[in-house]
Each structure stands twice: as structure tokens, then as C-alpha cells.
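As a plain string of letters, each chain reads:
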Amino acid sequence: MANRPKGFGMTAELANKRAARFDPDLASEAANWIADVLSTGNDEQQELASKIGTANDPKQFVAPLKNGVILCHLINIIKPGSVKKINQNNMAFKQMENIGNFLSSCESVGCNKVDLFQTVDLYESTNVPQVINGIFALGRKAQKIGFDGPRLGPEEASENKREFTEEQLRAGEGVIGLQAGSNKGASQAGQNFGKTRAIID
């Protein structure tokens, strides 16, 4: 499954476009954050933090995360008990199950599904920039749910919902918006475009 042919034509063009979106600075920031969070955990998690190295290219970024173990420990530190069982097996479907459990846990803490990535994006390195986006989404949400460890990215904005009374809503019905224009002082009287038509008796 990991040896899938990369394709030609449009498939190759799309793959190249995705690869061009890879930002080594964002990847390094995400990798450093993961290592920092893991280093606040127990001995096993601190040992996993040492496995995360530099992230100058997509392969370096994906290599330590591919089996999903680090990601499961990451979410368990942010919200304890999120992933009940972490598979240590080297079989492909077990590693993909770890990634799937991580993604489900991210959704359960409030991450938006469109901000996350799919299992194959990470396991087969098909869309590494989206993996980085998913980790940033978790970093933003971690601050929001009260995780007081290392921070990643800006703090997520809170909803500011407005409520209007029926009277306020009706008051706006009689107002012509600026986009609708105005007819103050305008008329078509005396408008003449081009040469006039003369009718001779």
C-alpha cells in the first residue's frame, strides 16, 4: 500500500503542487511543539520526544509520526484518556488505527474536521501540508480547552454571537443600504445620448 505508484499527468501535477506547499518553518514549529508537549509527560513520552528531529523536508517530518504512537501520546497529554489503547505493533493497519484514533480524539476535543487530515495523508505522505495544518488546529484547540503546557500558533477566537430584538430587526427594513444606491435628486429629465432624431414635416 505504501508503494503505490505516484502517477502521471494530472495526478503528478497535483502531487507536485501539494509538495510545493510544504513550509519547513511551519513543519519545524509543529515538530518542536510536539517534542515540547511530550517532554512534559512521563518517562516513555519523554523518550518519544527525543525521536523527533529536524523537519526540513516532508520525509523528515513524517518519519517519527507515521506509526501514530507519538500522536496518540500527544493527545493523551493534552486530554488524558483520549486514546485508550496505543498499538505498538508494526503492522500497517495497526499503525493506521493509531492515526485514526488520534484524529477521532482531535474531533472529540472540538477540532473542526476540515482542519484535520486523513489517515493516508500522513501514513503515505500524500498531503504533508494538511498534516501540519491538523497539528496546528490541535495546538489552537489545546489552549481553548485549558491545556496549560507549551503553545502552538495563535489563540483560537471565541464566538461572539449577537441577538437582536424584533423591534431592532424591523427598524432596519425601512433603510436603503448604501449598496442599493440612492435616487436623491436624480431624474432622467433632459438626458440626451447621441444625436437626436429629427422629424421633418
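Figured I'd write up the structure that's included with this text.

What counts and what doesn't
- Residues numbered from 1 in each chain as written.
- Predicted model: local features only at pLDDT ≥ 70, side-chain atom pairs only at ≥ 80, totals over all residues.
- Heavy atoms only, no water.
- Axes fitted to C-alpha atoms, helices over the stretch in contact; angles between N-to-C directions.
- Helix = DSSP H or I, 4+ residues; strand = E, 2+ residues; numbered from the N terminus.
- Parallel < 35°, antiparallel > 145°, perpendicular 65-115°, else oblique.
- Left-handed = near helix turned anticlockwise from the far one by under 90°.
- Contact = heavy atoms within 4.5 Å.
- Nonpolar A, V, L, I, M, F, W, Y, C, P; charged D, E, K, R; others polar.
- Expected span 1.5 Å × (residues − 1).
- Buried < 20%, exposed > 50% of the residue type's maximum accessible area, 1.4 Å probe, protein only.
- Disulfide = S-S within 2.5 Å.
- Core = buried A, V, L, I, M, F, W, Y, C linked by side-chain atoms within 4.5 Å.
- Salt bridge = Lys/Arg side-chain N within 4 Å of Asp/Glu carboxyl O.
- Polar contact = N/O pair within 3.5 Å; in protein donor to acceptor, adjacent residues only side chain to side chain.

Moving on: the packing of helix α5 (residues 69-78) against helix α6 (residues 92-108). Between two packed helices, both the angle of their axes relative to each other and the distance between the axes serve to describe the pair. At a closest axis distance of 8 Å, the pairing of α5 and α6 adopts a crossing angle of 25°. Relative to α6, the element α5 is oriented roughly parallel. Of the two elements, α5 crosses α6, and the hand of that crossing is left-handed. Where α5 abuts α6, its residues Val 69, Leu 71, Cys 72, Leu 74 and Ile 75 lie against Asn 98, Phe 102, Ser 105 and Cys 106. Considering only residue class, the contact of α5 with α6 consists of seven nonpolar, two polar and no charged.

A few words on helix α8 (residues 128-144). Between its first and last C-alpha, α8 extends 25 Å over 17 residues, near the 24 Å set by a 1.5 Å rise per residue. Here α8 lies mainly inside the structure; 14 of its 17 residues are buried. Positioned one or two residues after α8, Gly 146 has a phi angle of 100°, which is positive.

In this section: the environment of Glu 156. Within the secondary structure, Glu 156 sits in the loop between α8 and α9 (166-171). The partly exposed category is assigned to Glu 156, whose relative accessible area is 25%. The sequence separation of Glu 156 and Gly 139 amounts to 17 residues, and the corresponding C-alpha distance is 9.3 Å. Setting aside chain neighbours within four positions, we find Glu 156 in contact with Arg 140, Lys 141 and Lys 144.

Here we take up the state of the cysteines. Within the structure shown, the criterion is met by zero disulfides. Here Cys 72 stays unpaired: no disulfide links it, and the sulfur of Cys 106, its closest cysteine neighbor, is 9.5 Å away. Not engaged in a disulfide, the cysteine Cys 106 finds its nearest cysteine sulfur in Cys 111; these two sulfurs lie 4.8 Å apart. With relative accessibility at 0%, the residue Cys 106 sits in the buried group.

Moving on, we get to the nonpolar core. Membership of the largest hydrophobic core comes to 46 residues, with the highest contact counts inside it found for Trp 33, Ile 34, Phe 61, Leu 74, Phe 102, Ile 135 and Leu 138. Where this core is concerned, the elements lending two or more residues are α2 (24-38), α3 (43-49), α4 (58-62), α5, α6, α7 (119-123) and α8. Setting aside residues up to four positions removed in sequence, Trp 33 forms contacts with Leu 74, Ile 78, Ile 135, Leu 138, Gly 139, Pro 150, Arg 151 and Leu 152.

As a further point, take the packing of α2 against α5. Two numbers describe how α2 lies on α5: the axes approach to 9 Å, and their chain directions differ by 60°. Classified by the interaxial angle, the pair formed by α2 and α5 is oblique. As for the relative orientation of α2 and α5, their crossing is left-handed in sense. Touching Trp 33, Ile 34, Val 37 and Leu 38 of α2 are Ile 70, His 73, Leu 74, Ile 77 and Ile 78, all from α5. The class makeup of the residues in the contact of α2 with α5 is eight nonpolar, one polar and no charged.

It is worth spelling out the pattern of salt bridges at this point. A full pass over the atoms with the stated rule returns two salt bridges. Between Arg 140 and Asp 115 there is a salt bridge, and its shortest N-O distance comes to 3.8 Å. In this pair, Arg 140 sits in helix α8 while Asp 115 sits in the loop between α6 and α7, placing the two residues 25 residues apart along the sequence. Residue classification places Arg 140 among the partly exposed positions, given a relative accessible area of 23%. Since its relative accessible area comes to 29%, Asp 115 is described here as partly exposed.

Looking now at α5. Across the ten residues that make up α5, a large majority, ten, are buried. Three or more residues of α5 are buried, namely Val 69, Ile 70, Leu 71, Cys 72, His 73, Leu 74, Ile 75, Asn 76, Ile 77 and Ile 78. In this structure, the buried residues of α5 make contact with α2, α3, α6, α7 and α8.

The subject of this paragraph is the environment of Gln 60. If you trace the backbone, Gln 60 turns up in helix α4. The class for Gln 60 is partly exposed, based on a relative accessible area of 33%. Residues Gln 60 and Ser 28, spaced 32 residues apart in sequence, show a C-alpha to C-alpha distance of 10.0 Å. With near-sequence residues (within four places) excluded, Gln 60 lies in contact with Thr 54 and Ala 55. Within the structure, Gln 60 has its side chain in polar contact with the backbone nitrogen of Asn 56 (distance 2.9 Å).

Scope: geometric values only; no functional claims are made or implied.
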